[in-house]
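Residues per chain are reported as follows:
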Amino acid sequence: MINAFLVFNGQGKPRLTKFYTQLDTSIQQRLISEIFTLVSHRPPGSCNFLPLPPLLAASGTSHSSSEPHNDVPSLVTYRHYATLYFIVISTSTESPLALIDLIQVYVEALDKLIENVCELDLIYNFETLHATLGEMIVGGVVIETDGDKIVAGVRAQGKIAKRPVNEGRGVGLGGGLGMGGNFVWHGR
Amino acid sequence: MFEKSLHDLIRGLRNHKANEKEYIQNCLKECRSEIRSQDMDVKAAALLKLIYLEMLGHDMSWASFHVLEVMSSPKYHQKRVGYLGAVQTFRPDTEVLMLATNLLKKDLAASLPTTIALPIAALPHFITPSLALSVLADLLPRLTHSHSTIRKKTIVTLYRLALVYPETLPAAWPKIKERLMDKDEDPGVTAAIVNVVCELGWQRPNDFLGLAPRFFELLVERGNNWMAIKLIKLFATLTPLEPRLIRKLLPPLTDLIRTTPAMSLLYECINGIIQGGILGEEDDNSGSEEIASLCVTKLRGMTINGDANLKYVALLAFNRIVVTHPYLVAQQEDVILECIDSDDITIRIKALDLVQGMVSSDNLVSIVSRLMRQLKTSSLAGHPRNGQQTVDTNTDSSDDAGADLSRSSRPQKDDVPPLPEDYTIDVIGRILIMCAQNNYSSLVDFDWYIDVLTQLIRIGPISRRAEFDSALEQKSHTIDVSEKIGNELRNVAVKVKAVRLAAVRAAELIISRLYTESTSSHSVLSGALRPVAWIAGEYAFQLSSPDDTLGHLLHLVPRITSPEILATCLQTILKIFSLIAGNDQVLWTSERKSTMALLMARVIHLLEPLVLHPYLEVQERAVEFTELLKLTVEAAFGQAPSTDEVQQDPPLLLTQAIPSLFNGWELNSVAHGAQQNVPMPPDLDLDEPIHADLDRLLAQADSLILPVPGDDEFEVYYNQKLAPTSLSNEPAINRLPDAPEEVVHESYQQQAGEESYLDADILARRKAERLERNRDDPFYIGPQSGGTSTLIHNTLQTENGTDLDIDSIPIMKLNLDNLSNEIQPSAAAPRPRPQPRQRIVVAADETLAGGSGRSTPRNYESENNSDSFTKSKAKKLKQQSLLQVDSSRLRDLSLEAAAAEPGLQPQEEDAEMAQAMKEVQRLRMEMQRANERIQTAQGVPAEGVVVKKKTTKKKKAVAAEDGEGAAVKIKKKKKKTSVASPVVDTPSGSGEVVEASEAGAAAASELLGEAAAAGVTEESSAKQPNKVKKKTTTKKAPKRIIQLDDDDFGAAASSSLPDT
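These numbers come from a predicted model, not from an experiment.

Caption draft 1: Up close: the overall build of chain A. Along chain A, the regular secondary structure elements total 6 helices and 7 strands. Secondary structure of chain A in N-to-C order comes out as β-β-α-β-α-β-β-α-α-α-β-β-α. For chain A, with 188 residues in total, the buried portion stands at 66%. A separation threshold of at least 6 residues defines the contact pool for chain A, and within that pool the share at least 24 residues apart is 61%. With an accessible surface of roughly 6000 Å², chain A has 52% of that area assigned to carbon and sulfur atoms.

The structure is reproduced here in structure tokens:
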């Protein structure tokens, strides 16, 4: 199952935090900053999986690599879109490549909801971020991977607030969040 | 209105980047007052702001009551904010949860699907067993809701309910199964069910065996890749229980692997085949060989493919294969080794995991060489000064080292970022583990290993120690890597007699290097000093220059901060001293007398300040040794030196007494845990007081410093070793004269690539030693085949005296071209040097018969590891992982037939209920009080008239809540009893379970079209009762950060944790 879904920007500022098991706020922040340190030092062309951050590695998964315990979060998957990092922490029962796709689905859904989405849109559409995620994952289990259905589900909950007009466009996330990026796994 | 909206807050945050903290504090203050507003819009807006700030790390648990208020708003957009607040901040121990139950039930029964979805999606975040019990009845009907979204979410929420309240499953499963079997069901719902079943599947695969036909159908339909992935994962857990599934699954899986364009599905197919045990045995004829080769080829393709993600997952898959089919992975060694040098740390670590399992005597050297090169280059990048020096020496040798070296030296010129320290430590740890595996069975060349260790000590990061100098408690769980490396060196010295000399020399070198490197102002931090000093002391008679080593140690000791290291070093100093002094061959001349007196004075001078050391071990040794030496000084002073006429013996204290302290039996390595197998003497009563009048003694001890009791019989027994007899039982190598120690800056040859990770001086020594070793070997042809006089040649000649003329040995004149070519370093990638396997005896750990002590060489504890016990204890402390969701409780539960659940005994149930009621009461009181406290804590004078108004209002609200709470209470009681009754009816559930599993097996056999299901049924029915018997009521273990505990895991972890 999925243990947490996080979004933060290139400076490590959280934009969305969703933990499917509850943690103290301070530990959440520590975890985010640990993951940010890991993710921000990735050389170009490296894979979308992170080694476990110290907080999670404490329980020791290295020795149990042959026999992973399925309850323990053991996989940190991330994707980088323009100024944002999307992180999924999950157990070994999830498929690593499918999680990369899952992030893609999420970003595509956001892009459909908020046209040509950029980081600023996400900041101001805080609630939409949560609503969209809620249509995809409930309690750590993926319930929907079809982009159209997700969008329909979010729209059914009400109008999507528009970003205040007078705000600058900010840094566009490179043609939206860089949809149809270089790696698409056809997982869907 | 002046309240800020969330947008205003965000805009404000963006405009106050400089003094963000202050701005946030102001906002929080505003929110605090706004959230108590009577206007629901203001309240909701304030809550949304708080949720936003919570994301940034500002705790809002204090606002949970207000969250509840907003949740109860009739307007959807406010309700949504409230639920978001609950999802983000409620914990299962949030107290207002008690009050939320009714609200949740009400919203679950709402008419709008969007409203229903709110509690459904929120429940998994704060579900507790009692909450699950109360909402279950409201949740179940939602499984048949007309909206597929609601159905999907309900299924998942029921699963999360089941995790904390397993009784959910028997009630919910029939309905979920109905959804699953319904072919007209929305595919999204089916997918959600498959997702849930996949999560349940690995816990209770037996229950889903019966559904295999349906899953198979779904897999073959190939509607949705996401679902296919989950189905394959599910089948991987089912196949071990029902081997006949394999044959059925093979065709579609093979088909998928061959045709699917989706890499994720392809990978999961392969993974499923691996995990499901479909790879089969080597001698299997059911076509599994074909599938195995197909998988491995595909995986190899993924590894070679430039895509890092594919590389990563391929390594993951290899990691799984290597457990069962190491030979399949061994074929891919080349590509896997490439991954060790990847830029990507994630891939490196996975590759390392894999390599650790692949190590054999053939590839150990090449693997370790790769890792060493990595470490070396990164440490060079870290210390440019040191690096420059070594690069220079490297360029000398790179001419003849060929292509491989130029490849490895390339990154030195590029800007290689230094490796993260924890990675470096990890790699070093793995090198040690790989080499020490199975009592050094893969290691052929111990001299090489000793050199690698020496190099590692230089590379290894030691700065860690500096951060918490004397903080003992910190250090105990971050074991210094360099100490680990040193321990390895010590293990080799103890276990492998053949290379003990080399190990001692290495230790000597390390000590002298520590001495020369560290300036007098710095404290010595390297943890390696401890084991290394131990080696030098224990095998002092093999030191090349005991006087120098003693001198170095005498200089080092005052700068040692760690008391453990200090204690060991003191012991070493006396051991070496006893060796120097104990030599009775030397005449007791006046010269000798004054040397000894001087030496003793130096040692005493060193020891004296330590007599008052706060660490007991150090103090004890210092006191003992000072007193002993003072005595000896007197004796030596009294003994007149021998003159030409009178032959005087040196004082016996010096030649006999002191050496006898350290000459006892040779120390051998003891298996880990062997100590525990020592039978307790029958007459030992640990409860008996040590001394009848202990209190008085202790009181006395407070007033005066008692000398600590010295060696007892026991210690003497263990510390004394046989007198250093002749070297006859040593290998012949050791009897050869010592190799020259000086650095030879010559172009020399060695095995390919070695110079890329070993320092120049180590290499030079290696070179010299090799020559030395092979000197007497008529089959060895030295590199100086021309017979020209080289430095080495000269050295040899001086070593052996003039009577040995190397050039006159006829074999040396043989100069075969092909042979000399062979000796030239090969340009190819490093490969194991063809070397005759030396007969090296590695001593096994000593253990007691019948003991459970595992013989792991790394666990060897020396006599000096006084704190090793606490260390290992600290290591064993398991740590519950963050974010972990415990699903172990599900294991004990049957899905079918609610009656099969034995459950709690009725009286236990009652007691628990009473306890829960009490708890509810208490919490409600507490909350009420807390609320009142919040009122008064707002900084308004308590007697203020306005406040009074407010408080009365609030009190009313509280009173209303009170009523609600009471209602909940009563309802709860009813529920509990109604659930409890069927449980009581059938206390023995085993029969039911067997029936259920029989049904499952029958269904499976149906799928396979085989009638002979009897065997399987018997088998599974034999297993089932056992399972039920195993059931125990889940105990509550002390909680950690995460609310859920995993007892089973804890037990498993503590038993399987390897002690490193």
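Next comes the rest of the account.
Caption draft 2: Representation of helix H35 (residues 616-638) of chain B. All names here are of chain B. Helix length check: H35, at 23 residues, gives a terminal C-alpha distance of 33 Å against a target of 33 Å (1.5 Å per residue), a fit within 8%. Three or more residues of H35 are buried, namely Val618, Gln619, Glu620, Arg621, Ala622, Phe625, Thr626, Leu629, Thr632 and Ala636. For H35, the secondary structure elements touched by its buried residues are helix H33 (563-581), helix H34 (590-607) and helix H36 (652-662).

Caption draft 3: Spatial organisation of the nonpolar core. Counting 281 residues, the largest nonpolar core has Phe5 and Phe86 of chain A together with Tyr52, Phe215, Tyr449 and Leu456 of chain B as its most contacted members. When residues no more than four places from it in sequence are discounted, the contact partners of Tyr52 of chain B are Arg15, Ile123 and Phe126 of chain A together with Leu6, Leu9, Ile10 and Leu13 of chain B. Listed in part, the 20 residues of the second largest apolar core include Phe8, Leu31, Tyr78 and Tyr85 of chain A.

Caption draft 4: A look at the packing of helix H16 (residues 263-275) of chain B against helix H18 (residues 308-324) of chain B. Residue and element names in this part refer to chain B. Between H16 and H18, the shortest axis-to-axis distance is 9 Å and the interhelical angle comes to 10°. As the angle between them shows, H16 and H18 are arranged roughly parallel. Mapping the contact onto sequence places Met263, Tyr267, Asn271, Ile274 and Gln275 in H16 and Leu310, Val313, Leu316, Ala317, Arg320 and Ile321 in H18. Here the residues of the contact of H16 with H18 are counted per class, giving 8 nonpolar, 2 polar and 1 charged.

Caption draft 5: Quick peek at the interface of chain B and chain A. Each side of the interface is counted separately: chain B has 89 residues, and chain A has 84 residues. Together, the buried faces of chain B and chain A total about 7300 Å²; carbon and sulfur atoms form 59% of this surface. Run the count over chain B and chain A and you get 7 salt bridges. The salt bridge partner of Lys153 of chain B is Glu135 of chain A, with a shortest N-O separation of 2.9 Å. At the junction of chain B and chain A, the tally comes to 25 residue pairs in polar contact (both at pLDDT 80 or more). Looking at side-chain class alone, the side of chain B that touches chain A contains 43 nonpolar, 24 polar and 22 charged residues.

Caption draft 6: Spotlight on the side chain of Glu144 of chain A. Take Glu144 of chain A: it is sitting in the loop between strand S7 (141-142) and helix H6 (147-156). The class for Glu144 of chain A is buried, based on a relative accessible area of 6%. For Glu144 of chain A, the side chain forms a polar contact with the side chain of Lys152 of chain B, separated by 2.4 Å.

Caption draft 7: Representation of the pattern of salt bridges in the model. All names here are of chain B. For the coordinates displayed, the defined rule picks out 31 salt bridges over all chains. Linking Arg430 and Asp353 is a salt bridge whose minimum nitrogen-to-oxygen distance equals 2.9 Å. Placement of Arg430 in helix H25 (residues 421-440) and of Asp353 in helix H21 (residues 345-358) is noted, with a sequence separation of 77 residues between them. Overlapping salt bridges bring together Lys350, Asp353, Asp426 and Arg430 as one network.

Caption draft 8: Spatial organisation of the packing of helix H13 (residues 212-221) of chain B against helix H15 (residues 244-259) of chain B. Residues and elements named next belong to chain B. Relative to each other, H13 and H15 sit at 10°, their axes nearing to 11 Å. Put simply, H13 runs roughly parallel to H15. Here H13 contributes Ala212, Phe216 and Leu219 to the contact with H15, which in turn contributes Leu245, Lys248, Leu249 and Pro252. A per-class count over the contact of H13 with H15 returns 6 nonpolar, no polar and 1 charged.

Caption draft 9: View of the pairing of strand S2 (residues 14-19) of chain A. All names here are of chain A. Taking burial as the measure, the 6 residues of S2 include 6 buried ones, the bulk of the element. Pairing geometry for strand S1 (residues 2-9) and S2, over 5 bridges, is antiparallel. Note on S2: the bridge partner recorded for Phe8 is Pro14. Joining the antiparallel neighbours S1 and S2 is a turn of 4 residues, in which Gly12 adopts a positive phi near 85°.

Caption draft 10: Region of interest: unusual backbone geometry. All names here are of chain A. Even without a glycine there, the phi angle at Ala82 is positive, about 45°. Along the chain, Ala82 turns up in the loop between strand S4 (73-81) and strand S5 (84-91). Ala82 sits in the partly exposed class, given a relative accessible area of 39%.

Caption draft 11: Main features of the packing of aromatic side chains. If you walk through the whole model with that rule in mind, you get 13 aromatic pairs over all chains. Aromatic side chains Trp173 of chain B and Phe208 of chain B sit 5.3 Å apart centroid to centroid with 85° between the ring planes, which places their arrangement in the edge-to-face category. Taken together, the positions of Trp173 of chain B in helix H10 (residues 168-181) and Phe208 of chain B in helix H12 (residues 205-208) put the pair 35 residues apart, joining distant regions of the chain. Its relative accessible area of 0% is what places Phe208 of chain B among the buried residues. Pairwise contacts between aromatic rings join Phe5, Tyr81, Phe86 and Tyr106 of chain A into one cluster. Note that Arg32 of chain B overlies the ring of Trp62 of chain B, its terminal NZ or CZ placed 4.1 Å from the centroid. Here the basic side chain of Lys593 of chain B rests over the ring of Phe637 of chain B, its NZ or CZ set 5.6 Å away from the ring centre.

Caption draft 12: Focus on the confidence of the model for chain B. Residues and elements named next belong to chain B. On average, residues of chain B carry a pLDDT of 70, and 62% of them reach 70 or more. Low pLDDT, under 50, characterises residues 706-711; the stretch is placed with 7 contacts to residues that sit more than four places away or in other chains. Counted against residues more than four places away or in other chains, residues 896-906, with its pLDDT under 50, gives 25 contacts. Interface confidence for the predicted complex, given as ipTM, is 0.89, next to a pTM of 0.65.

Caption draft 13: Spatial organisation of the pairing of S5 of chain A. Residue and element names in this part refer to chain A. Across the 8 residues of S5, 8 count as buried, placing the element largely inside the fold. Of the two faces of S5, the one lined by Leu84, Phe86, Val88 and Ser90 and the one lined by Tyr85, Ile87, Ile89 and Thr91 are each fully buried. Relative to S5, S1 runs antiparallel, the two being bridged by 7 bridges. Across the sheet, Ala4 pairs through a bridge with Ile89, a residue of S5. Across 8 bridges, S4 lies against S5 in antiparallel orientation. Note on S5: the bridge partner recorded for Leu75 is Ser90.

Caption draft 14: The arrangement of the environment of Leu16 of chain A in detail. Along the chain, Leu16 of chain A turns up in strand S2. Using a relative accessible area of 0% as the deciding quantity, one classes Leu16 of chain A as buried. The sequence separation of Leu16 of chain A and Leu122 of chain A amounts to 106 residues, and the corresponding C-alpha distance is 8.8 Å. The residues touching Leu16 of chain A, leaving out its near neighbours within four places in the chain, are Phe5, Leu6, Val7, Tyr106, Leu129, His130 and Leu133 of chain A together with Met55 of chain B.

Caption draft 15: Inspection of the sheet that holds S4 of chain A at higher detail. Residue and element names in this part refer to chain A. Here 5 strands make up an open sheet; going across it, the order is S2-S1-S5-S4-S3 and the pairing antiparallel. At either end of the open sheet lies a strand with only one pairing partner, and these are S2 and strand S3 (49-50). In the packing of helix H5 (residues 126-136) onto the sheet, contacts are made with S1 and S2, and the angle to S2 comes to roughly 35°.

Rules of the game
- Residues numbered from 1 in each chain as written.
- Chains lettered and ligands numbered in written order.
- Predicted model: local features only at pLDDT ≥ 70, side-chain atom pairs only at ≥ 80, totals over all residues.
- Heavy atoms only, no water.
- Helix = DSSP H or I, 4+ residues; strand = E, 2+ residues; numbered from the N terminus.
- Buried < 20%, exposed > 50% of the residue type's maximum accessible area, 1.4 Å probe, protein only.
- Contact = heavy atoms within 4.5 Å.
- Areas by Shrake-Rupley, 256 points an atom, 1.4 Å probe, with all protein chains shown as cover.
- Expected span 1.5 Å × (residues − 1).
- Core = buried A, V, L, I, M, F, W, Y, C linked by side-chain atoms within 4.5 Å.
- Axes fitted to C-alpha atoms, helices over the stretch in contact; angles between N-to-C directions.
- Parallel < 35°, antiparallel > 145°, perpendicular 65-115°, else oblique.
- Nonpolar A, V, L, I, M, F, W, Y, C, P; charged D, E, K, R; others polar.
- Buried area = accessible area lost by both parts, 1.4 Å probe.
- Salt bridge = Lys/Arg side-chain N within 4 Å of Asp/Glu carboxyl O.
- Polar contact = N/O pair within 3.5 Å; in protein donor to acceptor, adjacent residues only side chain to side chain.
- Pairing = 2+ DSSP bridges.
- Phe/Tyr/Trp six-rings, centres within 6.5 Å; stacked < 30°, edge-to-face > 60°.
- Lys NZ or Arg CZ within 6 Å of the ring centre and 35° of its normal.
- pLDDT = per-residue confidence, 0-100.

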